[in-house]
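# Fold and contact review
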Amino acid sequence: MLYFAPWKKVAVVGLCLLGILAMLPNFFPSSALERLPSWVPANHIVLGLDLQGGAHMLLSLDTEVLVQERLESLRGDIRQRLRDQRIGYVGLGVQDQGVQVRIREEARVEDAEAALRELTEFVDTNLFTGMGIRDVTMAVRDGNQIVLTLTQEGLEARIGSALEQSIEVVRRRIDALGTTEPIIQRQGTDRILVQVPGLDDPDRLVALLGSTAQLTFQMVDTTMSAEQALASRPPPDSEVMFSIDQPPIPYLIERRILVSGEDLVDAQASFDQRTGEPVVTFRFNSTGARRFANATQENVGRPFAIILDNEVISAPVIREPILGGTGQISGDFTVEQASDLAILLRAGALPAPLTILEQRSVGPGLGADSIAAGEIAALVGIVAVLTFMFLAYGLFGVFANIALLVNITVVFGILTLLQATLTLPGIAGIVLTVGMAVDANVLIYERIREEIRAGKSAIASIDSGFSKAFGTILDANITTLIAAVILFQLGSGPVRGFAVTLAVGIVTTVFTAILVNRLMVSEWVRWRRPSAVPI
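Residues numbered from 1 in each chain as written. Predicted model: local features only at pLDDT ≥ 70, side-chain atom pairs only at ≥ 80, totals over all residues. Heavy atoms only, no water.

### Notes on the packing of aromatic side chains
Pairs of aromatic rings are described using the distance from one ring centre to the other and the angle between the two planes. Defined as follows: What counts as a ring pair is set by centres within 6.5 Å for rings of Phe, Tyr and Trp (its six-membered ring), and what kind of pair is set by the plane angle: stacked under 30 degrees, edge-to-face over 60, tilted for all other angles. For each residue, the accessible area found with a 1.4 Å probe, counting protein chains only, is set against the maximum for its type, and the residue is called buried under 20%, exposed over 50%, and partly exposed in between.
If you walk through the whole model with that rule in mind, you get 12 aromatic pairs. Ring plane angle 65 degrees and centroid distance 5.2 Å describe the contact between Phe282 and Phe284, whose orientation is recorded as edge-to-face. Taking the relative accessible area as the measure of exposure, Phe284 reaches 5% and is therefore buried. Pairing Phe284 with Phe292 gives two aromatic rings, centres 5.1 Å apart and planes at 50 degrees, and the pair type is tilted.

Below you can see the structure in the form of structure tokens.
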């Protein structure tokens, strides 16, 4: 165990130097690091919300919108199926959490039930239990009235699915801002907690998360003007929408959607080559490109509207068919507005609007206090451990202390390289690592003492101490590593921060105890050839 091949010595020393090099940028300001060559590590360690401040938001999913959309969809399905079977009906409408319809002829009620029964089938099956979820139930009242009602379990499943989808959309929007390690997690049945460390523009975040971003392309109805539609009544297949201009301009828009934002595969902020104004360029997938090409071929010379969340962004006239599946959106945007719109379109639409229940900006003052307290705790702990090791083990305690300092340095270096977020619980994980690193050395040294008491020579005792303690150290640290992995997988936020620093600390502890400390002892033995162990 005491013999080290030359390449192993170079590898151990090289890894230690790399860890130190990765940690050093934390002691220099960003302005100084920008002047360094590109190959030199220049990242600072990322501080969490509790250490550097940032934005904290609690969002609520508008479940009423989800219910209404499902009821409208159900009403449309009922209308379509009854028409396909040529069954006459009256009174088709939404009431409470259901849709009711009255069949004109009682003799055809059974036919209507058969036509609508497919709407009440199981819509989801649990992979483990095999049990399905029934979304809709059907009942017949007064002989010829059919009522389809949404079930509670179906609504809960739909809300849960929409919440998970919303979390992914929110994550994509925040990631596009270039922030590091945001915390986005579910709370309860319909809420999302968002924490973005270091964000200096919370209003921009509010604007991004508050927009549903449902993009559609629809034709402008030219059978009458928007003013006439407002004064009287618009055609049944059209509605009046307003533009994002100030003051808003009314447009009469056909309800039929030509292409939706679901067919977009990319959107980027750019500049118009003719006017130089900021625009958003977009690209459809093959399905969207085909639909867009057909729509523009059939409507040359007519205006069409680009609509975002029921607001008209622009309404250009189709001069010629657009066959390439690409286009651009213009609307007197600023550069930031064009960039944010591109982010929204790339991230996709939310299944329902999100309401901001709580919003606050966390200042760095709390972080400064936490860092100061953490530094004091870590310093006191490290000094106490260093003192104990020196008093208990003498020269070998000095070796252990050097390995411990290398351990802490390498931990910070790895966290810096990984750009992992350091939180206050993470600092606690590092302090815990100090104790674990010393524990490994204590196991080795006590084993050496036992071998000396057993009558072995100095070099044999040292070699035996390292070799026999190796298995114990490995077992103890592997079990702790398993716990850290479970904490990371099942935990969130600060718990994950603790798990990351603990896992990194475990790996570096084994490295420094088994290799760094052993290398120093090996070199001392080779140099001194001791007849006794100063332990």
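So that's the structure; there's more coming.
### Topic: the sheet that holds strand E14 (residues 264-271)
Note the following rule: Two strands make a pair as long as DSSP finds a minimum of two bridges between them. Secondary structure is summarised from DSSP: a helix means a run of H or I of at least four residues, a strand means a run of E of at least two, and numbering begins at the N terminus for each. Every angle, taken between N-to-C directions, lies between 0 and 180 degrees, and every axis is a line fitted to C-alpha atoms, over only the stretch in contact when it is a helix. In what follows, a contact means two residues having at least one pair of non-hydrogen atoms within 4.5 Å.
One open sheet holds the three strands; their spatial order is E14-E15-E18, and the pairing between them is antiparallel. In this open sheet, the two edge strands, each paired with only one partner strand, are E14 and strand E18 (326-329). On average, adjacent strands in this sheet sit at an angle of 25 degrees to one another, irrespective of strand direction. Strands E14, strand E15 (278-284) and E18 of the sheet are contacted by helix H10 (residues 335-347), whose axis makes an angle of about 175 degrees with E14.

### A few points about the packing of helix H13 (residues 458-490) against helix H14 (residues 494-528)
Short version of the rule: The scheme is simple: roughly parallel for angles under 35 degrees, roughly antiparallel for over 145, roughly perpendicular for 65 to 115, oblique for anything else. For this classification, Asp, Glu, Lys and Arg are treated as charged, while Ala, Val, Leu, Ile, Met, Phe, Trp, Tyr, Cys and Pro are nonpolar and the rest, including Gly, are polar.
In the contact formed by H13 and H14, the axes pass within 8 Å of each other and the chain directions differ by 170 degrees. Accordingly, the angle class assigned to the pair H13 and H14 is roughly antiparallel. Here the residues of the contact of H13 with H14 sort into 23 nonpolar, five polar and two charged.

### Overview of the packing of helix H4 (residues 63-84) against helix H6 (residues 152-175)
Note the cut-off: By definition, any crossing whose near helix is turned counterclockwise from its far helix by less than a right angle is left-handed, and any crossing with a clockwise turn is right-handed.
Taken N-terminus to C-terminus, the directions of H4 and H6 make an angle of 120 degrees; their axes are 11 Å apart at the nearest point. Between H4 and H6, the interaxial angle falls into the category oblique. As H4 packs across H6, the resulting crossing turns out to be right-handed. Two secondary-structure elements touch here, H4 through Thr63, Leu66, Val67 and Arg70 and H6 through Leu155, Arg158, Ile159 and Ala162. Considering only residue class, the contact of H4 with H6 consists of five nonpolar, one polar and two charged.

### Some words on the pairing of strand E13 (residues 250-260)
Looking at chain direction, strand E11 (residues 215-220) and E13 are connected through four bridges and run antiparallel. Across the sheet, Thr216 pairs through a bridge with Ser260, a residue of E13. Relative to E13, strand E12 (residues 238-243) runs antiparallel, the two being bridged by five bridges. Bridge assignment links Val240 to a residue of E13, and that residue is Leu252. From the end of E12 to the start of E13, which pair antiparallel, there are six residues.

### Some remarks on the sheet that holds E11
With mixed pairing, five strands are arranged side by side around a closed barrel as E11-E13-E12-E17-E16. Adjacent strand axes in the sheet meet at a mean angle of 55 degrees, parallel and antiparallel pairs treated alike. Bridge analysis of E11 against strand E16 (residues 304-308) gives five bridges, and the strand direction is antiparallel. Residue pairing in the sheet places Thr216 in a bridge with Ile307 of E16. Here helix H9 (residues 286-298) sits on the sheet in contact with E11, E13 and E16, set at roughly 135 degrees to E13.

### So, the confidence of the model for the protein
Put simply, the test is: Confidence of the predictor at the level of single residues is captured by pLDDT, which takes values from 0 to 100.
In this model, the protein carries a mean pLDDT of 83, and residues with pLDDT of at least 70 account for 94%. Contacts for the low-pLDDT stretch residues 125-130, under 50 throughout, to residues beyond four places or in other chains number four contacts.

### A look at the nonpolar core
Convention followed: Here the nonpolar core consists of buried residues drawn from Ala, Val, Leu, Ile, Met, Phe, Trp, Tyr and Cys, with membership extended through side-chain atoms lying within 4.5 Å.
Membership of the largest hydrophobic core comes to 39 residues, with the highest contact counts inside it found for Phe396, Tyr445, Ile448 and Ile462. If you list the elements that add at least two residues to this core, you get helix H1 (6-23), helix H11 (364-418), helix H12 (424-453), H13 and H14. Among the elements that make up this core, the one with the highest residue count is H11 (12 residues). Among residues more than four places away in sequence, those in contact with Tyr445 are Met389, Tyr393, Phe396, Gly397, Phe399, Ala400, Asn517 and Ile535. By size, the runner-up hydrophobic cluster in this structure holds 28 residues, among which are Ala213, Leu215, Leu264 and Phe333.

### Looking at the pairing of strand E8 (residues 145-150)
Judged by how many residues are buried, E8 sits mostly within the fold: five of six residues are covered. Where strand E4 (residues 98-103) and E8 come together, five bridges link them in antiparallel fashion. Note that in E8 the partner of Arg102 across the bridge is Gln145. Hairpin remark: strand E7 (residues 136-141) followed by E8, antiparallel, with three residues in the connecting loop; positive phi at Asp142, about 55 degrees.

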